Amino acid sequence: MKKAIIIGATSGIGQEVAKCLLLEGWKIGVAGRRQSSLENLQRAAPDQIQIQALDVTQEDASEKLNLLIDKLGGMDLFLLSSGIGFQNMDLNMEVELNTAHTNVAGFIRMVDTAFTYFKKNGGGHLAVISSIAGTKGLGVAPAYSATKRFQNTYIDALEQLSYLQKLHIRFTDIRPGFVATDLLNDGKHYPLLMDAAEVGRHISWSLKRKQRVAVIDWRYRILVFFWKMIPRWMWKRLPVKTN
Ligand SMILES: NC(=O)c1ccc[n+]([C@@H]2O[C@H](COP(=O)([O-])OP(=O)(O)OC[C@H]3O[C@@H](n4cnc5c(N)ncnc54)[C@H](OP(=O)(O)O)[C@@H]3O)[C@@H](O)[C@H]2O)c1
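Residues numbered from 1 in each chain as written. Predicted model: local features only at pLDDT ≥ 70, side-chain atom pairs only at ≥ 80, totals over all residues. Heavy atoms only, no water.

Per an unreviewed UniProt entry, the protein is named SDR family NAD(P)-dependent oxidoreductase, and its organism is Bacteroides xylanisolvens. The record in UniProt for the protein states the following under Sequence similarities (unreviewed entry): "Belongs to the short-chain dehydrogenases/reductases (SDR) family." (UniProt positions renumbered as here; feature names shortened; annotations may be inferred.)

In structure tokens:
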């Protein structure tokens, strides 16, 4: 039976992907800070699920991830779905720095631990959920868009490192558009909002095909295609914001 670890499975996209993998017969190890959510998930399929509470911003997160891999008896697929994001036009410093702690420091901690595991154990599939927000800097959410761009670049770098070291690691960078989850539960209106369960199914399909980059869904693929072509002088003038 194939084994997957999902960090950030206590809600939202990570939890939806977890449900899909369970239906496909995977054994999964799930993590997040909320112990009660992890226990609820485990009750649904106790024979298939191992749990571990961890906070990616804490130094012991790497050790706890390794503990979860041990509990599961190995890892074929690693998926990082933990992340936070806020609109922050007032540049509240704490919000910006917390976003960086989770989406940059926490991201490095988890992804490097998974990379090292695969390096020592003959390879595997390393996947992350970044965002289309990394395409260009968004004035309404500076830290969020910049940290997502960081994640895109970090995975490019790890792929090259893996090649240099002749490792057998496959990479998937999943970039969804707006999804109806707790992350966007701020009372604002988001256009082209997607259903989380539908996005979860799309992601498990992309993982099965080991796609290198998966922009979800097709409408966002078109948007990102044109978005990338906007010159800087025009980009700074665009009123990209939600109400
Ligand atoms: N929703 C969207 O529109 C959208 C679009 C593009 C990309 N994304 C990305 O998708 C990912 C999942 O977000 P979501 O939309 O599913 O939101 P969500 O429902 O809020 O899920 C976020 C997950 O991250 C975990 N998490 C947050 N901080 C953590 C920490 N310090 N340590 C461990 N786990 C932590 C949360 O678990 P605990 O709270 O239990 O720790 C939760 O399981 C994020 O990386 C987000 O940037 C979302």
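Okay, back to it.
I would appreciate a short explanation of the layout of surface pockets in the present structure.
It is the rolling of a water-molecule-sized probe over the atoms that shows where space remains empty. Empty space within the second largest pocket amounts to approximately 200 Å³. Lining the second largest pocket are 13 residues, with Lys2, Trp26, His125, Leu207 and Lys210 positioned closest to its centre. Listing elements by their share of the lining of the second largest pocket, those giving two or more residues are β5 (124-129) and α6 (196-208). (1 Å grid on protein atoms, 1.4 Å probe; cavity = no way out; pocket = protein on both sides within 12 Å on 5 of 7 lines; lining within 4 Å. Points joined across faces, edges and corners; volume = space filled by probe spheres on them. Helix = DSSP H or I, 4+ residues; strand = E, 2+ residues; numbered from the N terminus.)

Quick question: what am I supposed to make of α6 here?
Helical periodicity: at 3.6 residues per turn, an α-helix aligns residues three or four positions apart in one direction. Taking 1.5 Å per residue as the helical rise, α6 with its 13 residues ought to reach 18 Å, and the 18 Å between its terminal C-alpha atoms agrees with that figure. Residues Ala196, Val199, Gly200, Ile203, Ser204, Ser206 and Leu207 constitute the buried set of α6. Each buried residue of α6 sits inside an arc of 160° when the element is viewed along its axis, so together they form one side. The residue sitting at the N-terminus of α6 and contributing the capping side-chain oxygen is aspartate 195; that oxygen lies 3.4 Å from the backbone nitrogen of alanine 197. (Expected span 1.5 Å × (residues − 1). Buried < 20%, exposed > 50% of the residue type's maximum accessible area, 1.4 Å probe, protein only. Arc of directions from axis to C-beta. Polar contact = N/O pair within 3.5 Å; in protein donor to acceptor, adjacent residues only side chain to side chain.)

Sorry if this is basic, but what is going on with the pattern of salt bridges here?
Proximity of charged atoms lets side chains of opposite charge pair with each other. Within the structure shown, the criterion is met by 8 salt bridges. The partner of lysine 19 in a salt bridge is glutamate 16, and the shortest N-O contact between them spans 3.5 Å. A residue pair is termed a helical-turn pair when its members lie 3 or 4 positions apart in one helix, as lysine 19 and glutamate 16 do in helix α1 (residues 12-23) at 3 residues. Glutamate 16 gets classed as buried once you look at its relative accessible area, which sits at 16%. With its nearest N and O atoms 3.0 Å apart, the salt bridge here joins arginine 219 to aspartate 217. (Salt bridge = Lys/Arg side-chain N within 4 Å of Asp/Glu carboxyl O.)

In this structure, what is going on with unusual backbone geometry? I would like to understand it.
Look at the link from isoleucine 216 to aspartate 217: it is a cis peptide, with omega at 5°. By the secondary structure assignment, aspartate 217 is in the loop between β7 (213-216) and α7 (218-227). A positive phi angle is found at leucine 91, which is not glycine, with a value near 50°. One can find leucine 91 in the loop between β4 (77-80) and α4 (93-120). Phi at lysine 166 is positive, roughly 55°, even though this residue is not glycine. Along the chain, lysine 166 turns up in the loop between α5 (142-164) and β6 (169-176).

Got a minute to help me understand the pairing of β7 in this structure?
Both faces of the sheet carry side chains from a regular strand, because those side chains alternate between them. As paired elements, β6 and β7 share 4 bridges and run parallel to each other. Across the sheet, the residue bridging to proline 176 is isoleucine 216, located in β7. Read from β6 through α6 to β7, the crossover connection turns out left-handed. (Pairing = 2+ DSSP bridges. Right-handed = clockwise from strand over helix to strand, strands pointing away.)

What am I meant to see in the nonpolar core here?
A general tendency of soluble globular proteins is for nonpolar side chains to be buried together. If you look at the biggest cluster of nonpolar residues, it comprises 41 residues, and the most contacted ones within it are Ile28, Val30 and Ile203. No other element matches α1, which puts 5 residues into this core. In this structure isoleucine 203 touches Ile13, Val17, Ile129, Ile174 and Ile216, once residues within four positions along its chain are discounted. Within the second largest apolar cluster, 28 residues are counted, among which are Ile69, Tyr117, Tyr154 and Ile155. (Core = buried A, V, L, I, M, F, W, Y, C linked by side-chain atoms within 4.5 Å. Contact = heavy atoms within 4.5 Å.)

Teacher, can you tell me more about the site of the ligand here?
In the vicinity of the ligand there are 31 residues, among which Thr10, Arg33, Tyr144, Val179 and Thr181 approach most closely. In this structure, an oxygen atom belonging to the ligand sits 2.6 Å away from a side-chain N or O atom of arginine 33. The contact in question runs from an oxygen atom of the ligand to an N or O atom on the side chain of arginine 34, over 2.8 Å. Computed on the free molecule, the ligand has an accessible area of 880 Å², of which 96% lies beneath the protein chains in the complex. At the level of secondary structure, the elements contributing two or more residues to the shell around the ligand comprise α1 and α5. Tallied by class, the residues present in the shell around the ligand amount to 12 nonpolar, 14 polar and 5 charged. (Near = heavy atom within 4 Å. Areas by Shrake-Rupley, 256 points an atom, 1.4 Å probe, with all protein chains shown as cover. Nonpolar A, V, L, I, M, F, W, Y, C, P; charged D, E, K, R; others polar.)

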